[in-house]
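Residue strings, one per chain:
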Amino acid sequence: MQPVVLLISLVLMAALSAAFWLAARAAHGPAPGPGANGKRTGLIWAMTILGVLVSAGSLRQWPHALAAPGDALEVNVSGGQWWWDIDTTEIPAGTPVLINVTTEDVTHGMGIYDSNLTLLTQVQAIPGYTTRITYTFEEPGSYRVLCMEFCGVAHHDMVNEFEVVAGEE
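Now for a description of the structure that goes with this document. Being a predicted model, the structure only gives us computed values, none of them experimental.

## A closer look at the pattern of salt bridges
Logical step 1: Summed over all chains, the structure comprises one salt bridge.
Logical step 2: Ionic pairing is found between Arg 144 and Glu 161, a salt bridge with its closest N-O pair at 3.7 Å. Linking Arg 144 in strand β8 (residues 141–147) with Glu 161 in strand β9 (residues 159–165), this pair joins segments that are 17 residues apart in sequence.
Logical step 3: Exposure remark for Arg 144: the relative accessible area of 29% places this residue in the partly exposed category.

## Looking at the sheet that holds β8
Logical step 1: If you walk across this open sheet you meet the five strands as β3-β9-β8-β5-β6, and the pairing is mixed. Where the open sheet ends on each side, the last strands, each with one partner, are β3 (90–92) and β6 (119–125). Across the sheet, the axes of successive neighbouring strands diverge by a mean angle of 25°, strand direction being ignored.
Logical step 2: Note that β8 and β9 share six bridges and pair antiparallel. Across the sheet, residue Tyr 143 finds its bridge partner in β9, namely Phe 162.

## Digging into the sheet that holds strand β1 (residues 73–80)
Logical step 1: Reading across the sheet, the four strands line up as β2-β1-β4-β7 and stay open at both edges, with mixed pairing between neighbours. Two strands bound the open sheet, and with one partner strand each, they are β2 (83–86) and β7 (131–136). The sheet shows a mean angle of 25° between the axes of neighbouring strands, direction not considered.
Logical step 2: Bridge count between β1 and β2: four bridges; the pairing is antiparallel. Bridge pairing in β2 places Val 77 opposite Ile 86.

## Considering the side chain of Asn 100
Logical step 1: Here Asn 100 shows up in strand β4 (residues 96–103).
Logical step 2: The class for Asn 100 is buried, based on a relative accessible area of 5%.
Logical step 3: Side-chain polar atoms of Asn 100 contact the side chain of Asn 76, separated by 3.0 Å.
Logical step 4: A distance of 3.1 Å separates a polar atom in the side chain of Asn 100 from a polar atom in the side chain of Arg 132.
Logical step 5: Contacts of Asn 100, omitting those with residues within four sequence positions, involve Glu 74, Val 75, Asn 76, Val 77, Thr 130, Thr 131 and Arg 132.

The rules behind each value
- Residues numbered from 1 in each chain as written.
- Predicted model: local features only at pLDDT ≥ 70, side-chain atom pairs only at ≥ 80, totals over all residues.
- Heavy atoms only, no water.
- Salt bridge = Lys/Arg side-chain N within 4 Å of Asp/Glu carboxyl O.
- Helix = DSSP H or I, 4+ residues; strand = E, 2+ residues; numbered from the N terminus.
- Buried < 20%, exposed > 50% of the residue type's maximum accessible area, 1.4 Å probe, protein only.
- Pairing = 2+ DSSP bridges.
- Axes fitted to C-alpha atoms, helices over the stretch in contact; angles between N-to-C directions.
- Polar contact = N/O pair within 3.5 Å; in protein donor to acceptor, adjacent residues only side chain to side chain.
- Contact = heavy atoms within 4.5 Å.

Right under this line is the structure:
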């Protein structure tokens, strides 16, 4: 999806640049004829409507707008300098998990990594706010929660783990 959005953005930026270039070029020429203001107004409205449609279309699938499924397991994670507290230590594989993340002190970046330390998902933990993210762990194993936002001298010790266990057949 990202390459498509990038391509659309580049095309629209080129079109906008061309429109500004034409407008600047026309400003140095003779006075516009009758109906020129109507054409400019129409062009501005067309570009505005196109921009809104492209923005709405590209943001429609934004992960933050997705709701957790009704059968999601709810897990609460709270953070502080320099710890993570997870209220669930075993998560069944293949089950959607709604993770509620809070912090008591400063902003932390909560990253969840698999056993190979591959980042699977991440979210910001912001004081006074509960951030929610939904993720489904497909493979059983140990997963690590690490802080991704430098939060002080013991930032490197801000680690916790949980297990994903094989789901019931």
